[in-house]
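# Close look at the chain arrangement
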Amino acid sequence: MNNISTLLIDGLRSHNIPVPYRTTNSNGFMRWGENNEYWAVGVGDGYSYGNWKNGSKYLIFPNNRTKLTQQEKEAFEEDTTREHVKEIE
């Protein structure tokens, strides 16, 4: 298995997303599953993850935080290598 944090594994399991055995990685963006339908990317000290096929998107952070701080939003939006996940609230 890839070196995936227990925080991300907990988040995936809480939304019935399979934990990847093998991923395709590009600029910190992980994809796996049939047709790479599942994805995850690090955001600050947490993760954004989901399923592009059904449009689901989730966030998970330590201490049960579920939203980005204003500073994290600004930093995330400035990261042009992650334009494909900027829609996160």
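Right above here is the structure, for reference.
Here's what I pulled together on the structure shown here. Since the structure is predicted, the reported quantities are computational estimates derived from the model, not experimental observations.

## Notes on the pairing of strand β2 (residues 29–32)
- Here three bridges tie strand β1 (residues 24–26) to β2, and the two strands are oriented antiparallel to one another. Within the sheet, the bridge partner assigned to T24 lies in β2 and is R31.
- Here β1 folds back onto β2, and the loop between the two strands holds two residues, one of which, N27, carries a positive phi near 50 degrees.
- From the end of β2 to the start of strand β3 (residues 38–43), which pair antiparallel, there are five residues, and G33 there has a positive phi angle of about 90 degrees.

## Quick notes on the side chain of N51
- Inspection of the secondary structure assignment puts N51 in strand β4 (residues 46–51).
- A distance of 3.2 Å separates a polar side-chain atom of N51 from the backbone nitrogen of N54.
- Each residue touching N51, except ones within four places of it in the same chain, is listed here: E37, Y38, W39 and S56.

Reading the values: the criteria
- Residues numbered from 1 in each chain as written.
- Predicted model: local features only at pLDDT ≥ 70, side-chain atom pairs only at ≥ 80, totals over all residues.
- Heavy atoms only, no water.
- Pairing = 2+ DSSP bridges.
- Helix = DSSP H or I, 4+ residues; strand = E, 2+ residues; numbered from the N terminus.
- Polar contact = N/O pair within 3.5 Å; in protein donor to acceptor, adjacent residues only side chain to side chain.
- Contact = heavy atoms within 4.5 Å.

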